[in-house]
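Summary of structural features
Each chain, letter by letter, is given below.
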Number of protein chains: 4
Amino acid sequence: MRRILQRTLPISLLLASLTGVADAADRVVGTSPWGPSDEIGRLNLMTPESRAAVLSRLAGGVTYDLSVEYFIGMPSWQAAGDPHYRMWMTHTPHGTVIDDPLNVGRPMNERVSYTGAAISMYTHMGTHIDALNHFGLDGKIWNGFSAAEHVGDRGWQVAGAEKIPPIVARGVLIDVAASKGVNMLPDGYRVTRDDLKRALEKQQTELREGDVVLIRTGRMQRYADADAYMANPPGMGLEAARFLVEDSQAMIVGADNLSFEAFPSELETDYVPVHTYLLAEQGTPIIELAYLEELSRDEVFEFAFIGASLKLRGADAAPIRPIAIPLRK
Amino acid sequence: MRRILQRTLPISLLLASLTGVADAADRVVGTSPWGPSDEIGRLNLMTPESRAAVLSRLAGGVTYDLSVEYFIGMPSWQAAGDPHYRMWMTHTPHGTVIDDPLNVGRPMNERVSYTGAAISMYTHMGTHIDALNHFGLDGKIWNGFSAAEHVGDRGWQVAGAEKIPPIVARGVLIDVAASKGVNMLPDGYRVTRDDLKRALEKQQTELREGDVVLIRTGRMQRYADADAYMANPPGMGLEAARFLVEDSQAMIVGADNLSFEAFPSELETDYVPVHTYLLAEQGTPIIELAYLEELSRDEVFEFAFIGASLKLRGADAAPIRPIAIPLRK
Amino acid sequence: MRRILQRTLPISLLLASLTGVADAADRVVGTSPWGPSDEIGRLNLMTPESRAAVLSRLAGGVTYDLSVEYFIGMPSWQAAGDPHYRMWMTHTPHGTVIDDPLNVGRPMNERVSYTGAAISMYTHMGTHIDALNHFGLDGKIWNGFSAAEHVGDRGWQVAGAEKIPPIVARGVLIDVAASKGVNMLPDGYRVTRDDLKRALEKQQTELREGDVVLIRTGRMQRYADADAYMANPPGMGLEAARFLVEDSQAMIVGADNLSFEAFPSELETDYVPVHTYLLAEQGTPIIELAYLEELSRDEVFEFAFIGASLKLRGADAAPIRPIAIPLRK
Amino acid sequence: MRRILQRTLPISLLLASLTGVADAADRVVGTSPWGPSDEIGRLNLMTPESRAAVLSRLAGGVTYDLSVEYFIGMPSWQAAGDPHYRMWMTHTPHGTVIDDPLNVGRPMNERVSYTGAAISMYTHMGTHIDALNHFGLDGKIWNGFSAAEHVGDRGWQVAGAEKIPPIVARGVLIDVAASKGVNMLPDGYRVTRDDLKRALEKQQTELREGDVVLIRTGRMQRYADADAYMANPPGMGLEAARFLVEDSQAMIVGADNLSFEAFPSELETDYVPVHTYLLAEQGTPIIELAYLEELSRDEVFEFAFIGASLKLRGADAAPIRPIAIPLRK
């Protein structure tokens, strides 16, 4: 983390932060109230009844696309040497005429114009949802599953992205940027509990148990410029996260920035305390890089959140392209 | 294709088929009724009103997951040397303690257990939707866009997967296997126009303009065994496809098999005539590898289809994890 | 291994073998005579003097290429789900005209025809050399380095391929196939100590300390057909390996087959006993997929072996394209 | 190129350069004197006799390693979105115990500690040699092969890296930095014909037909810092290249920088004129990222160059790890 911070923060700010709060020695991964085999945490709050409740209130046929595009050069977390998004072609109308990969002959390849492409990516790119195995404490993740017993060569054998069900739930936008009268929160701004409460009050929105709560910092306006998007973004503080989960009983939390939380860490001994709090202690999946600009523009603060992430077996995150449909009051 | 067929079909069957119908010399790519800049074809049938109509009839909170898992060893079209699905870890709780990729020191890495993974895949794997640039005729695709002017090094500059909107539409299951009283259609079976009509009649389901029509062959029951799933599967014939699009005005068609259509081709000069018909002539996206077993079990023939594919810029297909929600009559 | 064997061996043969010898309980990884920091084992036998000795005897300007080609569809060890060789283009003369990735304009891209490609591969493909960290015993590798302390997220921090020096040494071909009067050893044939001794005698070749010893089974003649090349190949038995290292003091051993050793294993509790013997107990690198056909054709049994593998940091193997130059007597 | 230059050069320097010389309208790709099927150009200068001549003069057993390491974070040409070097593990001693990918059971996996890794890379990374299909003019490459007829989906069908023979030739170091009394040439310095002639004179080295000529700028001292290594490096000018090939009859030219030539281009209509001159007009392969520091330190100006690049079928470049062995006078 020191390396990351050197890139994005003045050293004085970094040192200031590290004089902060020590990590509670007794912080441990959470034990699931849904039993010892639970791998999805607060996603258990979703039931046929909860889905029916939100689906019965759909306001019409307007849908909002909450996801961003994947393209070469898109933002991607690079501090630890992870793969960029790549796309390449394995068949083109021109190339198949020369290669004839299916052994059908030149006239057939000239007649049938075949295009095929492949991709590679780190799972934490574009609009995505973190699975509960993404971050843990002391070698364990949510519900006490240990790396020693459950991490194989190609991912965790528990709590993987393939366990995340399709999500149909009440969604709430907390437009912190708008609440503060700015277009975008400043670089490095750490969203507080009060910021969230004031924005909700201003919006006249209430949070309810089982919500998908999406926080808008406005950062997404820089998405097309990867360096600008990633450099020292605003994010959530620990108390903001606690407000969402413990006070408000959110099922999933998310935001429009790269990593949900603000850096540098508020804790001396944990470089991503909001992630470990949410994923490992509270069993709360996190959505990152959500596209919230249109919801903000139209002041859609309450909606049906409908999204289903790719079932990547064993993965610690998966891409998701959720939609929002406004609700009747 | 000869190479593929040798792997999967008795040669007598192959030769029989190739004595069949010659390709119509005047087959050309379609010109869009939605104008010269149209890149999404029949997806234009979807409107706020069409979405509102289906969303107003949701029957409750039961959802069906129509997608399959991604895992190492999963089925993937290999005849032309395309990449398999791969997943690998770039950070593990153990490895970061040794490597310290973020330069935070051993105690921090022992406290914070970090897991990260990456994937790579051909875009035509798992449950996915084909974009209109996937297959064309004579160097052009739907609406006359030419490879010479629009294929760059990293995909088409038109009609890419990022143009596909989130899909909310009436969905219809045509359970051809059930209609025929079998668990799974036989190897290599080519579904006919009559098969579809009889199944619809038996189900008492009507097709309507703008539907997402999903055909069940039962093949998905073999998904866990990649070789078995891919060897000589049943699929659609040309007349079946014409029935869906021209007679029934479907917006999207799909099935539970690898490639939607049956092989070997019915045309001498086109090895994938159902693909070129649907994508290039009719502007109709195709969903492949849809998981329809639970819909079939519960006899859910009509439903809201809600799905949004990944916005892979320029790609010829993208993964999608759609859900189905039953409708009230 | 059971899974592999089921693919390639009649079950009776497998069972027969597994009634064989139990693994010696006291087998442990070797301690290097070159000191506690040694990471290259028997490569320490190479010195300026040993190199000068062989280089002073070069017979002229004839060179033999001991490596195979990399191409899509080439043989690759697939039993454990490892990546195939892939190559793809990221720039083509045509595509750059459309994409203009360097922002130089269409006339410049039409004038300058740019081609660029990328590859991916498992490190144990094509002609390659295994580093000493490839196989160990009980969590340790050669010289006692432990996985617990030295395996990070991107490879071992010790004994990686980047430590392997350029190799200039006396090379010896042991043409077992020719010695037995066959073109290729039979499927599954396990080369014995006597086979090696008889071939050396027939060839009138002596082994000396520090040699690179390459065994020819003839299998390479099937290289163009990946399935045929890989199915149940002939290989070395344990006693053959012991003869090469302990009796004959080879520095490196190699062969023209996929995995050097024969399967199924001769030991009940070690599925790759020749690998663990050579790499972990004896510190002896292994060359696999060596192309020896031309040496055999010309009966070049003694030569200068000159080869330098790619310095892939932390890797357990690296591609190498060695050459052989005949020696004067 | 404008995009690249903006990153690395003051705009005034760029504009200055672009007021320079216009490209000769009659520049065309070269026709091989070795016949219409020639795909390797000046590599034809190498013969058994030329190899024997250099091998007969080896001075002893000292070898110099002319290659650099491959590691995550290494320099790689990024202006056009090409892949970085990646390495990842597919088997680890710990992970196989959990995953049991070979189905051999936990005790076996605990006994046999298996490590396997995979890599991916752009072919123009690390010490490598450019094949003649890397750059052309007007859609053609060396000897008139056209992209329209010879570029398939996975590379060129002619002039690929697999055609490059193992190289055994007289090597010459031209230490321009040392000749100028500096440790490293300044940023953006363009080496001239006179620079080469003066350095040769100072070194008392003569060039001969068929040489591998390697130019030292000193830039390699920054290799460990990718950004520093790549930012505005020194390189060759066109006249320097002409001196090496036309006046001096070099077989291969190379240097220790990223791209051999200096930027910005000396020609208005060709952004890489030294590449197109060498590869397309003259059929001269280029070695980039050669490690020359130790040769320079020991003032080894003449040596046997022995190197063999990976046989990547159809590729426009391939990694190579050459060695240098000093020659007797």
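Reading guide: rules and limits
- Residues numbered from 1 in each chain as written.
- Chains lettered and ligands numbered in written order.
- Predicted model: local features only at pLDDT ≥ 70, side-chain atom pairs only at ≥ 80, totals over all residues.
- Heavy atoms only, no water.
- Helix = DSSP H or I, 4+ residues; strand = E, 2+ residues; numbered from the N terminus.
- Rg over C-alpha atoms; globule rule 2.2 N^0.38 Å.
- Buried < 20%, exposed > 50% of the residue type's maximum accessible area, 1.4 Å probe, protein only.
- Contact = heavy atoms within 4.5 Å.
- Areas by Shrake-Rupley, 256 points an atom, 1.4 Å probe, with all protein chains shown as cover.
- Lys, Arg positive; Asp, Glu negative; His and termini not counted.
- Charge placed at Lys NZ, Arg CZ, Asp CG, Glu CD.
- Buried area = accessible area lost by both parts, 1.4 Å probe.
- Salt bridge = Lys/Arg side-chain N within 4 Å of Asp/Glu carboxyl O.
- Nonpolar A, V, L, I, M, F, W, Y, C, P; charged D, E, K, R; others polar.
- Pairing = 2+ DSSP bridges.
- Axes fitted to C-alpha atoms, helices over the stretch in contact; angles between N-to-C directions.
- Least-squares fit on C-alpha atoms with pLDDT ≥ 70 in both.
- Core = buried A, V, L, I, M, F, W, Y, C linked by side-chain atoms within 4.5 Å.
- Parallel < 35°, antiparallel > 145°, perpendicular 65-115°, else oblique.
- Polar contact = N/O pair within 3.5 Å; in protein donor to acceptor, adjacent residues only side chain to side chain.
- Phe/Tyr/Trp six-rings, centres within 6.5 Å; stacked < 30°, edge-to-face > 60°.
- Lys NZ or Arg CZ within 6 Å of the ring centre and 35° of its normal.

Some details on the overall build of chain A
A tally of helices and strands in chain A yields twelve helices and 17 strands. In terms of C-alpha radius of gyration, chain A reaches 21 Å, essentially the compact-globule figure of 20 Å for 329 residues. With the C-alpha coordinates aligned to their principal axes, the bounding extent of chain A is approximately 70 × 45 × 45 Å. The 329 residues of chain A split such that 69% are buried. A separation of at least 24 residues holds for 80% of the contacts in chain A among residues at least 6 apart in sequence. Carbon and sulfur atoms make up 52% of the accessible area of chain A, which totals about 10,700 Å². Computed over 31 positive and 42 negative side-chain charges, the inter-centroid distance for chain A is 3 Å.

Here's the deal with the interface of chain D and chain C
On the chain C side, the residues contacting the 98 residues of chain D number 98 residues. Carbon and sulfur atoms supply 59% of the area buried between chain D and chain C, which totals about 8,100 Å² over both sides. The three residues of chain D that bury the most area against chain C are Arg111, Lys311 and Arg321 of chain D, which together make up 11% of that side's buried surface. Summed over the shared surface of chain D and chain C, the result is six salt bridges. Of the charged contacts, one joins Lys311 of chain C and Asp65 of chain D as a salt bridge, the two residues approaching to 2.9 Å between their closest N and O atoms. Considering only residue class, the side of chain D that touches chain C consists of 51 nonpolar, 25 polar and 22 charged. Pairing between strand β3 (residues 112-114) of chain C and strand β6 (residues 135-137) of chain D: three bridges, direction antiparallel. Looking across to β6 of chain D, one finds that Ser113 of chain C is bridged to Gly136 of chain D.

Thoughts on the pattern of salt bridges
This structure, assessed with the given rule, holds 104 salt bridges over all chains. A salt bridge links Arg57 of chain B to Glu302 of chain B; the nearest nitrogen and oxygen atoms lie 3.1 Å apart. Separated by 245 residues along the polypeptide, Arg57 of chain B in the loop between α3 (48-55) and β1 (64-65) and Glu302 of chain B in strand β15 (residues 302-307) bring together distant segments of the chain. The pair Arg57 of chain B / Glu302 of chain B is uniform in exposure class, with both members buried. Between Arg190 of chain C and Glu266 of chain C there is a salt bridge, with its nearest N and O atoms 3.6 Å apart. Within this pair, whereas Arg190 of chain C is found in strand β10 (residues 190-191), its partner Glu266 of chain C is found in the loop between β13 (252-255) and α11 (273-281), the two being separated by 76 residues in sequence. Using a relative accessible area of 26% as the deciding quantity, one classes Glu266 of chain C as partly exposed. Three or more residues are tied together by salt bridges with common partners; here these are Arg57, Arg170, Arg208, Asp211 and Glu302 of chain A.

Focus on the sheet that holds strand β4 (residues 116-122) of chain B
One open sheet holds the four strands; their spatial order is β2(A)-β4(A)-β4(B)-β2(B), and the pairing between them is antiparallel. Of all the strands in the sheet, the pair left with one neighbour each is β2 (86-91) of chain A together with β2 (86-91) of chain B. Each neighbouring strand pair of the sheet contributes to a mean axis angle of 15°, computed without reference to strand direction.

Side note on the relation of the copies chain C and chain A
One copy of the chain maps onto the second through a rotation around an axis plus a translation along that axis. Here chain C sits on chain A after a turn of 180° about the axis and a move of 0.0 Å along it, with an RMSD of 0.0 Å. Taken together, the rotation and translation describe the operation of a two-fold axis. Both copies contact each other with a shared surface, as 100% of the interface residues of chain C are interface residues in chain A too.

Remarks on the nonpolar core
Core analysis: the biggest nonpolar cluster contains 298 residues, and Ile174 of chain A, Ile174 of chain B, Ile174 of chain C together with Ile174 of chain D have the highest contact counts within it. Once residues within four sequence positions are removed from consideration, Ile174 of chain C is found in contact with Leu196, Ala199, Leu200, Gln203, Leu207, Val213, Leu214, Ile215, Arg216 and Leu244 of chain C. With 26 residues, the next largest nonpolar core counts Leu66, Ala131, Leu173 and Ile320 of chain B among its residues.

As for the packing of helix α8 (residues 193-203) of chain B against helix α10 (residues 238-247) of chain B
A packed helix pair is summarised by two numbers, namely the angle formed by the two axes and the spacing between the axes. All names here are of chain B. Following both chains from N to C, one finds α8 and α10 inclined at 55°, their axes separated by 7 Å at the closest point. With respect to α10, the element α8 is oriented oblique. Contacts from Arg193, Leu196, Lys197 and Leu200 of α8 reach α10 at Glu239, Ala240, Arg242, Phe243, Leu244 and Asp247. Across the contact of α8 with α10, the residue classes break down as five nonpolar, no polar and five charged.

Here's the deal with the side chain of Arg321 of chain D
On the secondary structure map, Arg321 of chain D appears in the loop between β16 (317-319) and β17 (323-326). There is a polar contact of 3.0 Å between the side chain of Arg321 of chain D and the backbone oxygen of Ile164 of chain C. A polar atom in the side chain of Arg321 of chain D sits 2.8 Å from the side chain of Asp65 of chain D. In contact with Arg321 of chain D, not counting residues within four places along its chain, are Ile164, Pro165, Pro166, Ala308, Ser309 and Lys311 of chain C together with Asp65 and Ser67 of chain D.

Brief notes about the interface of chain C and chain A
For interface size, the figure often reported is the accessible area lost on association. With six residues of chain C at the interface, the matching set in chain A holds six residues. Around 410 Å² of area is buried between chain C and chain A when both sides are counted, 37% of it from carbon and sulfur atoms. Put simply, chain C and chain A have two salt bridges between them. Between Asp82 of chain C and Arg154 of chain A there is a salt bridge; the shortest N-O distance is 3.2 Å. The interface formed by chain C and chain A holds six residue pairs in polar contact (both at pLDDT 80 or more) in total.

As for the relation of the copies chain D and chain C
With an RMSD of 0.0 Å, the operation that places chain D on chain C is a rotation of 180° combined with a shift of 0.0 Å along the axis. Most of the interface of chain D is mirrored in chain C, where 100% of its interface residues are also at the interface.

Quick word on unusual backbone geometry
The linkage connecting Phe263 of chain A with the following residue, Pro264 of chain A, adopts the cis geometry, with an omega of 0°. Here Pro264 of chain A shows up in the loop between β13 (252-255) and α11 (273-281). Here Leu289 of chain B, not a glycine, exhibits a phi torsion of approximately 60°, which is positive. Among the secondary structure elements, Leu289 of chain B is positioned in the loop between β14 (286-288) and α12 (293-297). A relative accessible area of 0% places Leu289 of chain B in the buried class.

A closer look at the packing of aromatic side chains
Within this structure, the stated rule accounts for 22 aromatic pairs over all chains. For the ring pair Tyr70 of chain C and Tyr85 of chain C, a centre distance of 5.6 Å and an interplane angle of 50° mean the geometry is tilted. Here Tyr85 of chain C lies in the loop between β1 (64-65) and β2 (86-91) and Tyr70 of chain C lies in the loop between β1 and β2, a separation of 15 residues in the sequence. Using a relative accessible area of 2% as the deciding quantity, one classes Tyr85 of chain C as buried. Considering the side-chain rings of Phe135 of chain C and Tyr114 of chain D, the 4.8 Å spacing of their centres and the 10° angle between planes classify their relative orientation as stacked. With Phe135 of chain C in strand β6 (residues 135-137) and Tyr114 of chain D in strand β3 (residues 112-114), this pair bridges two chains. We note that Phe135 of chain C, like Tyr114 of chain D, is buried. Feature note: the residues Phe71, Tyr223 and Tyr229 of chain A constitute an aromatic cluster, connected by ring pairs. One cation-aromatic arrangement involves Arg313 of chain B over Phe71 of chain A; the distance from NZ or CZ to the ring centre is 4.0 Å.

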